[in-house]
Amino acid sequence: MDRMRVVGGKTLRGEVRASGAKNSALKMLFASLLAEGRHEFSNVPDLKDVDSSFALLESLNCKARREGDRVIIDVAAPGNFEAHYDLVRKMRASILCLGPLLAKYGQAQVSLPGGCAIGSRPINLHLEGMKALGAEIELKNGYVHASVPGGRLQGGQILFEFATVGGTENVMMAATLANGTTYIENAAKEPEIVDLANYLNKMGAKISGAGTSIIRVDGVKSLNASQHRVIPDRIEAGTLLLAGAIAGGDVTVTDCVPDDLDALLAKLREAGHEIHAGPNQVRIKSSGGARCVDITTAPHPGFPTDLQAQFMSLMCVSEGVSVISETVFENRFMHVTELLRLGADITPKTRVAVVRGKPGGLEGAPVMATDLRASACLVLAGLAARGETVVNRIYHLDRGYEKLENKLSSLGAAVERF
Ligand code: UD1
């Protein structure tokens, strides 16, 4: 099993490019199920989760192949409509095939994803959304059995009690082929939702309001396969900027969308780091002496839960005290016990962690990655720790970061996989 060795204390300098957004690419791959034919996507990151999506699409009679950063999906009518447990448990995003299959073929059997390291992560809101569009849902033997009487969904009105990202995407995709108009209220506003809506509209869908809290979808009879370039990954870009902050130096992340990083950039400035945002790049200059600041995670445009763990690593070596509140997931502090192994001073409570910063106070140790963003947090902490940190179970990192060790090494970090 691969591990990552990080030797701390190196200053980072240079330019590094952000890859395409995982959380956009995966949803778009499933959107392809809405139209038979050849879909082409570029700027698709080379990640384990993308491979898992290929496996699911192939089980549904599609052909998926990669050529560099391009992905071509040939969609044909599936022989079955099942997302098997073995595929869904590997990657929760697999439940995003529910909306497309229901909309196009009037039926789907999708395994319930079960719990995950960061919380229980139910899908009740996805299912309520499908019911509001006329689907019949039954939970049986660990699967969602969904069907549409008459074969075609009906437009409807959905008010989400929480602005769920996955739920908004699933219902938005389902509504594209429904009879009539659908309104999704309290919709999630993440940039990845806008990107997905843009692709669906290229396919012929009629979606407006994506990126606001009310999305309107006017159902159309059919959609066509099309082409699209995936937006840059704001979480990867943020992680690389945080690497620059924690290790000190002068790092420019190119090919990113600074506006999508507003919440992070505001906090980095407040903490005393120098930030220069250009049209499609962000430069961070950091010379140590940064301060602790408080963060509260929230749906976009709030501080992203997917950067909470990495930000905590920075707070561990900044001056002062930071209160980190996690409002999106109930159990997203698994990285705390590992940071304690590096010598951090953190008191975790339910959904709140108090970090007492110790500039220069971390020491290398073997640690264990528990989930995707926690892995990145431990690699970043290793950049600031004295001596050698070995991060075990690095396979979590490969789900969502494209060759992070190469990107960090290109900036001068001492990071290697072994
Ligand atoms: C969430 C993040 C997303 C991140 C992704 C992967 C938010 C709002 N969403 O998206 O930015 O990229 O994780 O880490 O930050 N919920 C329900 N019932 C449902 C669906 C969700 O109760 O049917 C709850 C979840 O348990 C959670 C919250 O709503 O507490 C947000 O979930 P949701 O946005 O749907 O999660 P993801 O789509 O996985």
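Bear in mind that the values here come from a model prediction, so they are computed numbers and not experimental data. (Residues numbered from 1 in each chain as written. Predicted model: local features only at pLDDT ≥ 70, side-chain atom pairs only at ≥ 80, totals over all residues. Heavy atoms only, no water.)

(A) A look at the state of the cysteines. Counted according to the given criterion, the structure contains 0 disulfides. Cysteine Cys292 shares no disulfide, and the gap to the nearest cysteine sulfur, in Cys316, comes to 8.3 Å. Of the residues examined, Cys292 reaches a relative accessible area of 13% and is grouped as buried. (Disulfide = S-S within 2.5 Å. Buried < 20%, exposed > 50% of the residue type's maximum accessible area, 1.4 Å probe, protein only.)

(B) Looking closely at helix H7 (residues 191-202). Between its first and last C-alpha, H7 extends 17 Å over 12 residues, near the 16 Å set by a 1.5 Å rise per residue. Among the residues making up H7, those that are buried are Pro191, Glu192, Ile193, Asp195, Leu196, Ala197, Tyr199 and Leu200. Looking one or two places after H7, you find Gly204, whose phi comes out positive at around 115°. (Helix = DSSP H or I, 4+ residues; strand = E, 2+ residues; numbered from the N terminus. Expected span 1.5 Å × (residues − 1).)

(C) Representation of the pattern of salt bridges. Applying the stated rule across the entire model yields 26 salt bridges. Residues Arg332 and Asp306 are paired through a salt bridge, measuring 3.0 Å at the closest nitrogen-oxygen approach. Of this pair, Arg332 sits in the loop between strand E19 (321-325) and helix H11 (334-341) while Asp306 sits in the loop between strand E18 (295-296) and helix H10 (308-316), placing them 26 residues apart in sequence. Both residues of the pair, Arg332 and Asp306, belong to the buried class. (Salt bridge = Lys/Arg side-chain N within 4 Å of Asp/Glu carboxyl O.)

(D) Representation of the environment of Val328 in the model. Within the element layout of this structure, Val328 appears in the loop between E19 and H11. Between the C-alpha atom of Val328 and that of Phe162, which follows or precedes it by 166 residues, the distance is 9.5 Å. When sequence neighbours within four positions are dropped, the list of residues in contact with Val328 reads Thr297, Ala298, Pro299, Thr305 and Arg351. (Contact = heavy atoms within 4.5 Å.)

(E) Seen up close, the nonpolar core. Among the nonpolar cores identified, the biggest contains 75 residues, and Ile73, Leu153, Met172 and Leu200 are the most heavily contacted of them. Looking at this core element by element, the count peaks at 6 residues for helix H1 (residues 22-31). Every residue in contact with Leu153, bar those within four places of it in the chain, is listed here: Leu102, Ala103, Met130, Leu133, Gly134, Ala135, Val148, Ala174, Ala178 and Asn179. Core analysis: the next-biggest nonpolar cluster, separate from the first, contains 68 residues, Ile235, Leu241, Leu261 and Leu380 among them. (Core = buried A, V, L, I, M, F, W, Y, C linked by side-chain atoms within 4.5 Å.)

(F) Spatial organisation of the sheet that holds strand E13 (residues 214-218). Overall, mixed pairing links the 4 strands, which are arranged E10-E11-E13-E12 in an open sheet. Because the sheet does not close on itself, it has two edges, and the strands there are strand E10 (157-159) and strand E12 (206-208). The sheet shows a mean angle of 10° between the axes of neighbouring strands, direction not considered. Strand direction decides the pairing type here: E10 and strand E11 (residues 181-185), joined by 3 bridges, are parallel. When the sheet's bridge partners are listed, Leu159 is paired in E11 with Glu185. (Pairing = 2+ DSSP bridges. Axes fitted to C-alpha atoms, helices over the stretch in contact; angles between N-to-C directions.)

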